[in-house]
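Listed below are the residues making up each chain.
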Amino acid sequence: MKQRKPVYYSEYLQLDKILNAQFPESDKEDIKADDEMLFIIIHQAYELWFKQILHELSIVRTIFGQASIQDNAPDIYNSVHRLKRVCKILEVAVMQMGILETMTPLDFLDFRDLLRPASGFQSIQFKMIEATLGLHYEHRHGKAYYLSQLNPADIERVKQAEEQRSLRSLLNEWLARMPFVNDKTYWGNEDAAFWKKYREAYTSGLSEAEMANVKVFDSIFIDNAQYPEGRAFSAEASRNAMFIMLYRDQPLLQLPYELLTTLLEIDEQLSMWRHRHIHMVQRTIGKRVGTGGSTGAEYLRGAADSHYIFKELAELTSFLLPRNMLPALPPALVQALGYAAR
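None of the values given here were measured: they were computed from a predicted structure.

Engineer: Would you explain the overall build of the chain in this entry?
Structural biologist: Helix and strand content of the chain: 18 helices and 0 strands. Along the first, second and third principal axes, the C-alpha set of the chain runs to 80 × 65 × 35 Å. Scored against the burial criterion, the 342 residues of the chain give a buried share of 44%. A fraction of 75% describes how many contacts in the chain between residues 6 or more apart in sequence connect residues 24 or more apart. Surface exposure of the chain reaches about 19000 Å², of which carbon and sulfur atoms provide 54%. If the 39 positive side-chain charges of the chain are averaged to one point and the 44 negative ones to another, these points end up 3 Å apart.

Engineer: Would you mind showing me how to read the pattern of salt bridges here?
Structural biologist: It is possible for side chains of opposite charge to pair when their charged atoms get near one another. Considering all chains together, one arrives at 15 salt bridges under this definition. Its salt-bridge partner being Glu91, residue Lys88 comes within 3.7 Å of it at the nearest N-O pair. Of this pair, Lys88 and Glu91 both sit in helix H5 (residues 75-100), 3 residues apart, which is roughly one turn of the helix. Taking relative accessible area as the criterion, Lys88 reaches 53% and is therefore assigned exposed. Across the pair Asp218 and Arg199 runs a salt bridge whose closest N-O atoms are separated by 2.6 Å. You can see Asp218 sitting in helix H13 (residues 213-222) and its partner Arg199 sitting in helix H12 (residues 193-204), a full 19 residues away along the chain.

Engineer: Any chance you could explain the packing of aromatic side chains here in plain terms?
Structural biologist: Any pair of aromatic rings gets described here by the distance separating the centres and the angle formed by the planes. In total, this model carries 24 aromatic pairs according to the counting rule given. Aromatic pair Tyr202 and Phe319: ring centres 5.8 Å apart, planes at 65 degrees, arrangement edge-to-face. With Tyr202 in helix H12 and Phe319 in the loop between helix H17 (311-315) and helix H18 (331-336), this pair connects stretches of sequence that are 117 residues apart. Given a relative accessible area of 3%, Tyr202 falls into the buried group. One aromatic cluster in this structure is built from Trp187, Phe194, Trp195, Tyr198, Tyr202, Phe217, Phe221, Phe243, Tyr247 and Phe319.

Engineer: Help me understand unusual backbone geometry, please; the structure alone is not making it clear to me.
Structural biologist: When glycine is set aside, most residues are seen to have a negative phi, and most peptide bonds are trans. Of note in the backbone geometry, Gln14 takes a positive phi value of approximately 55 degrees without being a glycine. Of note in this structure, Asp30 is not a glycine but carries a positive phi near 55 degrees. Along the chain, Asp30 turns up in the loop between helix H3 (25-28) and helix H4 (36-64). Given a relative accessible area of 74%, Asp30 falls into the exposed group.

Engineer: Mind showing me how you'd approach the nonpolar core here?
Structural biologist: Burial of nonpolar side chains together is a common tendency in soluble globular proteins. In terms of nonpolar packing, the biggest core is built from 92 residues, with Phe64, Leu171, Leu175, Phe194, Tyr198 and Phe243 touching the most fellow members. Broken down by element, this core gets its largest block of residues, 11 residues, from H5. Residues contacting Phe194, with those up to four places away along its chain left out, are Val181, Trp187, Phe243, Leu246, Tyr247, Pro327 and Leu329.

Calculation rules
- Residues numbered from 1 in each chain as written.
- Predicted model: local features only at pLDDT ≥ 70, side-chain atom pairs only at ≥ 80, totals over all residues.
- Heavy atoms only, no water.
- Helix = DSSP H or I, 4+ residues; strand = E, 2+ residues; numbered from the N terminus.
- Buried < 20%, exposed > 50% of the residue type's maximum accessible area, 1.4 Å probe, protein only.
- Contact = heavy atoms within 4.5 Å.
- Areas by Shrake-Rupley, 256 points an atom, 1.4 Å probe, with all protein chains shown as cover.
- Lys, Arg positive; Asp, Glu negative; His and termini not counted.
- Charge placed at Lys NZ, Arg CZ, Asp CG, Glu CD.
- Salt bridge = Lys/Arg side-chain N within 4 Å of Asp/Glu carboxyl O.
- Phe/Tyr/Trp six-rings, centres within 6.5 Å; stacked < 30°, edge-to-face > 60°.
- Core = buried A, V, L, I, M, F, W, Y, C linked by side-chain atoms within 4.5 Å.

The values are spatial; any link to function lies outside them.
This is the structure we're talking about:
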């Protein structure tokens, strides 16, 4: 067997490339701006974390791209594990903003004008993360500005990312395939038998101010013909996601529940990152426009308010019931949801 060359720390990590990849614009202009090095390194660190997030999401998307996922296979655990890692990375990204905030507005002004028209808005990898998760172009805030600041090669990269099946789309198909809530083996021949029983319990616990929820409930869970247009998740997927949330204590539904809640946490962490960014921008440049020509904090606020990718899953909590009010599941279904049945 051919002997491998010994691995050396700095060569393995390509430290010569990484540690010599900081070229402050202020140095080129012979302007004293000591904090530009921090600004560069912070953003390089962000891009490395974004690369890792895209790596994890690619693995998860491959898993959900399969025609079927066996209940007793490690795929769901692997997906949850990797998505939880994405959450931890995003937590670091939010906290990392605090390091950047040690740079005062005057420190930033020492070199800010030298950066034009470069902007964090040109982060291709962040746009690819959003697209990979399921943020479609038509739902983006400021669509006219979205690609206007990118070079042709990066525009092509973003478009390719958007043309691929998103994780949200693949998750929708996976959820729609789950048989437990509509299998006539468990519920008989009556359509929506479980949801009609659940509706009785749900409506009995609503206050007068909450009764408007019943119409929405019926459109999602009872009447296919009234299912709201434009939703990212189909009626079957929404119902199965709700069923998972309700009966998460059943062994076979524990990992699917972890999956759904982790995706909601990713949405939350992305929102926290955007809002932390808004406050930092307001504190640093006030009402000035961004270096890339955006409206600065105003643009960021619009994106933060509209770029929720899994909001339909979050909204299902409007229809939850406490455990003591949940309809009892048929014994055959309880058995099917246990590990012993597999």
